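Spelled out, the chains give:
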Amino acid sequence: MIYFDNNATTRPLDEVVEAMLELLRVDYANPSSVHQFGQRVRHRVECAREQVAALIGASPKEIVFTGGGTESINLAVRGVLAAQPTKRRLVTSGVEHSAVKRLGEQLAREGYVVERVGVDQEGRLDLAELERRLDDETALVSVMWANNETGVLFDVERIAALTADRGVPLHLDAVQAVGRVPVDVASLPVQLLSLSGHKIHGPKGTGALYVRRRTRLRPLLVGGRQERDLRPGTENVAGIVGLGLAAEICGRRFERVRDEVAALRDRLERGIRQYCPNTRVNGGGAPRTYNTTNIGFENLQAEAILLVLSEHGICASSGAACSSGSLEPSHVLQAMNIETRFAHGAIRFSLSQFNTADQVDRVVEALPRLLASLTPVTTV
Ligand code: PLP
C-alpha cells in the first residue's frame, strides 16, 4: 500500500504508541487525584503541555487540551462569541475546513452575521476584503493557516497585523500548519490557535487550543474544573501524552522532515506533470505546505481516479463531495474559480516522513496507464 493521504490523517509514531500503551497499562490513575499515583499522572499531563507549548512558542499555561481539532475550533469560536455577547459578527474565509465552515453556517442560523472573505485563483486570501470586513461589531476573525485540500498558506503575519490593528481577536485553524510550517505564537499576534494530534503522527481524538493570556473565552461544556475550567471532564491522559510526545518529536525533526518530504512532493508533482497530459496544480502559484499537491486532471472525475488508484493500493483523496447524485467540485476549488474541467478531477496527494522516493516513482509510473483506462467526461 502507498499512503499519500496524510492530510486526512498520519500514521502514529511507534514511540507515541508505546508511550500511550504504557499510560493505559500502568499510569492509569486520575490526574486530579491527590495520592502520589494520581500526581505522577498529573506530572505526565503537565509535561505534555510543555511539549505542545514548546512546539508553537507558547507558555504551557496557554494550552488547553481538547478532543481534537474540531473541538478546539468550536471552543475558540463559540467561546469568544459567548464572552462578547454584544458583538454579533464573525469574519472567516470561503475555503475553510468544514469544522469552521459548518460552524459558521450554524452561527448564521442562530442570528450571527457571518462574512466569508474570498480568495484568488491560487487560493490566497483577499487581504483588502478582509480589511474592509473588520468593524467594531466584529467579535472574531477565524481563518485557516494552511488549507487541507491544496496546502495553500494564508499570509498569517499580515492577517494578524490587520486584526491587531483593528483590535479584533484572531483565531487560526492551524491543524494543517503545525508541523508543516514553523509556528511561533510569541512573535505572531494571534489570540487563539487550534491544532490536532493526528495530523502530526499523534493519536486521533486529541488536540489543543492555544489561548493567549487575557483572551476572554467561555467553555463549551460544564463539569469538573479540568483545563482551568475551559474543558471539563477527566483528561484523555494517554491521548494527551501521545500528543505531547508527537509534538516534541515533530519539533525536533522539523527541518529534516520538511526537506525530505518537500523533495518527495516536488518529485511527485514533476513526474505527474511530465507523464500525465493536461494537468494543473491547484494553488501551485502560492506558498504551500511542503507535503501537499492538489492536481487537477482534465476532464476526469476525481471519484473514478480515486477508485482506480485504490484498486492499485494507492491512497489519495479528493475534496469533491457527492451532492444529489452529481459530483460537485469542492467549495475550496469553487472559491478559487478553478475551471470546471480541472476542478472535477482534482486529487490531493499528501505525503509524510513515512513515504519514500520509490513509492513516488511507482505512482508516477502507474498513473498514466491508470488514467488512460478511464473514460473522459465533458463538463459544461
Ligand atoms: N481543520 C483542518 C484544516 C483540518 O484539515 C481538519 C482535519 O481534517 C480539522 C480542522 C479537524 O481536525 P480533527 O480531525 O482533529 O477534528
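Reading guide: rules and limits
Residues numbered from 1 in each chain as written. Predicted model: local features only at pLDDT ≥ 70, side-chain atom pairs only at ≥ 80, totals over all residues. Heavy atoms only, no water. Pairing = 2+ DSSP bridges. Helix = DSSP H or I, 4+ residues; strand = E, 2+ residues; numbered from the N terminus. Axes fitted to C-alpha atoms, helices over the stretch in contact; angles between N-to-C directions. Contact = heavy atoms within 4.5 Å. Near = heavy atom within 4 Å. Polar contact = N/O pair within 3.5 Å; in protein donor to acceptor, adjacent residues only side chain to side chain. Areas by Shrake-Rupley, 256 points an atom, 1.4 Å probe, with all protein chains shown as cover. Nonpolar A, V, L, I, M, F, W, Y, C, P; charged D, E, K, R; others polar. Phe/Tyr/Trp six-rings, centres within 6.5 Å; stacked < 30°, edge-to-face > 60°. Lys NZ or Arg CZ within 6 Å of the ring centre and 35° of its normal. Parallel < 35°, antiparallel > 145°, perpendicular 65-115°, else oblique. Left-handed = near helix turned anticlockwise from the far one by under 90°. Domains from an automatic or database assignment. Buried area = accessible area lost by both parts, 1.4 Å probe. Salt bridge = Lys/Arg side-chain N within 4 Å of Asp/Glu carboxyl O. Expected span 1.5 Å × (residues − 1). Buried < 20%, exposed > 50% of the residue type's maximum accessible area, 1.4 Å probe, protein only.

Brief notes about the sheet that holds strand β9 (residues 279-281)
So, point 1. What the 3 strands build is an open sheet, ordered β9-β10-β14; its pairing is antiparallel. Of all the strands in the sheet, the pair left with one neighbour each is β9 and β14 (346-350). With direction set aside, neighbouring strand axes in the sheet form an average angle of 25 degrees.
So, point 2. Pairing geometry for β9 and strand β10 (residues 292-297), over 3 bridges, is antiparallel. Looking across to β10, one finds that V281 is bridged to I295.
So, point 3. Relative to β10, helix α8 (residues 254-275) is tilted by about 10 degrees, and along the sheet it contacts β9, β10 and β14.

Let's talk about the site of the ligand
So, point 1. Around the ligand, the surrounding shell holds 13 residues, and the nearest of these are T70, D173, Q176, S196 and K199.
So, point 2. A distance of 2.5 Å separates an oxygen atom of the ligand from a polar side-chain atom of T70.
So, point 3. Residue Q176 places a side-chain N or O atom 2.8 Å away from an oxygen atom belonging to the ligand.
So, point 4. About the coverage of the ligand: the protein hides 87% of its 390 Å² of free accessible area.
So, point 5. For the shell around the ligand, the element with the highest residue contribution is helix α3 (residues 69-83), accounting for 3 residues.
So, point 6. The residue makeup of the shell around the ligand, split by class, is 3 nonpolar, 8 polar and 2 charged.

Some thoughts on the packing of aromatic side chains
So, point 1. The full count for this structure, using the stated rule, is 1 aromatic pair.
So, point 2. Looking at R11, its charged tip hangs above the ring of F354, at a distance of 4.1 Å from the centre.
So, point 3. Over the ring of Y112 we find R88, and its NZ or CZ is 4.0 Å from the ring centre.

Examining the packing of α8 against helix α12 (residues 357-372)
So, point 1. The contact between α8 and α12 brings their axes to 9 Å, and the two run at 15 degrees. By the angle between their axes, α8 is roughly parallel relative to α12. Crossing handedness for the pair α8 and α12: right-handed. For the pair formed by α8 and α12, the contact residues are L264, R267, L268, G271, I272 and Y275 on the first element and A357, V360, D361, V363, V364, L367 and P368 on the second.
So, point 2. Counted by class, the contact of α8 with α12 contains 10 nonpolar, 1 polar and 2 charged residues.

Some remarks on the domain arrangement of the chain
So, point 1. Here the chain is partitioned into domain 1 (2-6 + 254-372) and domain 2 (14-250).
So, point 2. On a C-alpha basis, the centres of domain 1 and domain 2 stand 27 Å from each other.
So, point 3. If you look at the interface, domain 1 gives 28 residues, while domain 2 gives 25 residues.
So, point 4. Approximately 2300 Å² of surface area, both sides summed, lies buried where domain 1 meets domain 2, with 53% of it carried by carbon and sulfur atoms.
So, point 5. On inspection of domain 1 and its partner domain 2, the count reaches 0 salt bridges.
So, point 6. For the interface between domain 1 and domain 2, the tally reads 13 residue pairs in polar contact (both at pLDDT 80 or more).

Re α8
So, point 1. Under the 1.5 Å per step criterion, the end-to-end length of α8 is 31 Å for 22 residues, consistent within 8% with the ideal 32 Å.
So, point 2. As for α8, its buried residues are in contact with α7 (237-252), β9, β10, β14 and α12.

Digging into the side chain of S196
So, point 1. Within the secondary structure, S196 sits in strand β7 (residues 192-196).
So, point 2. Beyond its immediate chain neighbours, meaning those up to four positions away, S196 contacts G69, V175, T206 and G207.

So, α7
Given 3.6 residues to a turn, an α-helix orients residues that are three or four positions apart in the same direction.
So, point 1. Spanning 16 residues, α7 covers 23 Å between terminal C-alpha atoms, matching the ideal 22 Å at 1.5 Å per step.
So, point 2. Of all 16 residues in α7, 13 are buried; the element is thus mostly enclosed.

Description of the pairing of β14
Within a regular beta strand, the side chains point alternately toward one face of the sheet and then the other, so they alternate between its two faces.
So, point 1. Among the 5 residues of β14, 5 are classified as buried, and the element is accordingly described as predominantly covered.
So, point 2. Residues A346, R348 and S350 line one face of β14 and the alternating positions I347 and F349 line the opposite face, and both faces are buried.
So, point 3. Sheet topology places β10 next to β14; 5 bridges connect them, and they run antiparallel. Note on β14: the bridge partner recorded for T293 is F349.

Examining the sheet that holds strand β5 (residues 138-144)
So, point 1. Taken together, the 7 strands give an open sheet; going across it, the order is β2-β8-β7-β6-β5-β3-β4, and neighbouring strands pair in mixed fashion. Each edge of the sheet is formed by a strand with only one pairing partner; in this case those strands are β2 (63-66) and β4 (113-117). Recorded for the sheet is a direction-independent mean angle of 20 degrees between the axes of neighbouring strands.
So, point 2. In the sheet, strand β3 (residues 89-93) pairs with β4 via 5 bridges, with the strands oriented parallel. Within β4, the residue paired with T92 across the bridge is R116.
So, point 3. Sitting on the sheet, helix α2 (residues 36-56) touches β2, β7 and β8 (207-211), and the angle it makes with β2 is about 115 degrees.

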